[in-house]
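# Overview (structure and organization)
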Amino acid sequence: MLVRNITLPDGRSGLDLLVQDGRIAALGPALSAPEGTPVVDGGGWLVSPPFVDAHFHMDATLSYGLPRINASGTLLEGIALWGELKPLLTQEALVERALQYCDWAVARGLLAIRSHVDVCDPRLLAVEALLEVKKRVAPYLDLQLVAFPQDGVLRSPGALANLERALDLGVDVVGGIPHFERTMADGAASVKLLCEIAARRGLRVDMHCDESDDPLSRHVETLAYETQRLGLQGRVTGSHLTSMHSMDNYYVSKLLPLMAEAGLHAVANPLINITLQGRHDSYPKRRGMTRVPELLAAGVNVGFGHDCVLDPWYSLGSGDMLDVAAMGLHVAQMTSQAGMRQCFDAVTVNNARILGLEGYGLEPGCRADFVLLQARSPAEAIRLRAQRLLVVRGGRVLSRMAPASAELSLPGRPVTVDFTLQRS
């Protein structure tokens, strides 16, 4: 495949991209290709590496309304509702819903997902279902699974043994939820225990950490300490970190360099954080998303996750990581050109680093995985939730969308508009 006349996220334009043997063979102006190579007109549109979701719950996705709807909209009722749903789950239904979501993801150009999977059910039904889904989608989507003790690895009887069993079955990452343990001390003990399991097994760590409005929740500090103690730098992620929204600024000034020194990754979940946090507030209401600009400025790699789609915690969503980037941009007030580009990176390259994806990117030698977006820049892609004109994996087109446009009947005005900014 040869894609002519494209724009890259860094602003370079008028380039061609040549794919050979499933890899990017060349990138530059006016490239030639072997005779018979299919040629695609990129139209000057933006080519991006695929979208990546660093935090999702695929075992719960598309279950909205089962067995009932979260009436309060709170995190705790969502957890309770999930507990009601678990006994009713079947492997067939879990697989069917997950595969349907993966279809949506591919159509959105989302080709890599890290999904937490609950291990507190001794049947490990969801684990087995998502391992099957991982195998079935492997030709077109990278699915990375996290062993997630939803009810607390120390709080829930048998959760630790279940987590070890899930890892033995092939789950990729060690998860945790220290703020949901019975006490702060148990939370810290769970972080230590789970990081030691990951170090022993040579695995990555991704913990739901300080997903709370409590400014005194301190588990990310423990996570950073254990990361350094065990030599896990670059392999550990703290997800949510919403308590940082409410922490004292002086304490945060000490916490940020500790996280950076530990090589900790951070994942904010903008859509869900602003929906679930601040539920106990009157006014002003806290929005809860962690301190994204400050983390980035401190040298911490920050990604954005979708977290939930049509499940006990969130009644909306369609797998669109540009929607996630747009919400993160607004809540973090990252409206400068540089800030908007950082939000685009938070759903692409930053998340790829968190997952440790190999061969990801747009340089020669990288896997020929990319998305052709109906936009001229990352900021415009976010603004428009741009059409995914082509979604390509290993040089093979997985999905196409027609360009977005509207027909007008206005005297003296253009016949169509595509909502991109036209300058004379």
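Structure shown above.
Residues numbered from 1 in each chain as written. Predicted model: local features only at pLDDT ≥ 70, side-chain atom pairs only at ≥ 80, totals over all residues. Heavy atoms only, no water.

### Thoughts on the overall build of the chain
Check the secondary structure of the chain and you find 13 helices and 18 strands. In summary, the chain has a C-alpha radius of gyration of 22 Å against a globular reference of 22 Å for 424 residues, a match within 12%. Dimensions along the principal axes, computed over C-alpha positions, put the chain at roughly 65 × 45 × 45 Å. When the 424 residues of the chain are sorted by exposure, 55% land in the buried category. Within the chain, counting contacts between residues at least 6 apart in sequence, those at least 24 apart form 74% of the total. Counting only carbon and sulfur atoms, one obtains 53% of the accessible surface of the chain, whose full area is about 17100 Å². (Helix = DSSP H or I, 4+ residues; strand = E, 2+ residues; numbered from the N terminus. Rg over C-alpha atoms; globule rule 2.2 N^0.38 Å. Buried < 20%, exposed > 50% of the residue type's maximum accessible area, 1.4 Å probe, protein only. Contact = heavy atoms within 4.5 Å. Areas by Shrake-Rupley, 256 points an atom, 1.4 Å probe, with all protein chains shown as cover.)

### Things to note about the packing of helix α4 (residues 159-169) against helix α5 (residues 184-201)
Where α4 contacts α5, the axes come no closer than 12 Å and their chain directions differ by 25°. Our classification of the angle between α4 and α5 gives roughly parallel. α4 and α5 meet at a crossing whose hand is right-handed. Judged by residue contacts, Leu160, Leu163, Glu164, Leu167 and Asp168 of α4 engage Leu193, Leu194, Ile197, Arg200 and Arg201 from α5. Residues of the contact of α4 with α5, tallied by class, amount to six nonpolar, no polar and four charged. (Axes fitted to C-alpha atoms, helices over the stretch in contact; angles between N-to-C directions. Parallel < 35°, antiparallel > 145°, perpendicular 65-115°, else oblique. Left-handed = near helix turned anticlockwise from the far one by under 90°. Nonpolar A, V, L, I, M, F, W, Y, C, P; charged D, E, K, R; others polar.)

### Observations regarding unusual backbone geometry
The step from Leu66 to Pro67 runs through a cis peptide bond, and the omega angle for that step is -15°. Secondary-structure assignment places Pro67 in the loop between β6 (51-56) and α1 (75-85). Here the bond from Tyr283 into Pro284 is cis, since omega is 0°, no more than 30 degrees from zero. Following the sequence through the fold, Pro284 ends up in the loop between α8 (270-276) and α9 (292-297). In this structure, Gln333 takes a positive phi of about 55° despite not being glycine.

### Section: α4
Residues of α4 that are buried: Ala159, Asn162, Leu163, Glu164, Ala166 and Leu167. Residues of α4 that are buried in the fold lie against α3 (125-137), β8 (142-148), β9 (173-176) and α5. Gly170 lies just past α4 and shows a positive phi near 120°.

Interpretation note: all reported values are geometric properties and have no functional meaning in isolation.
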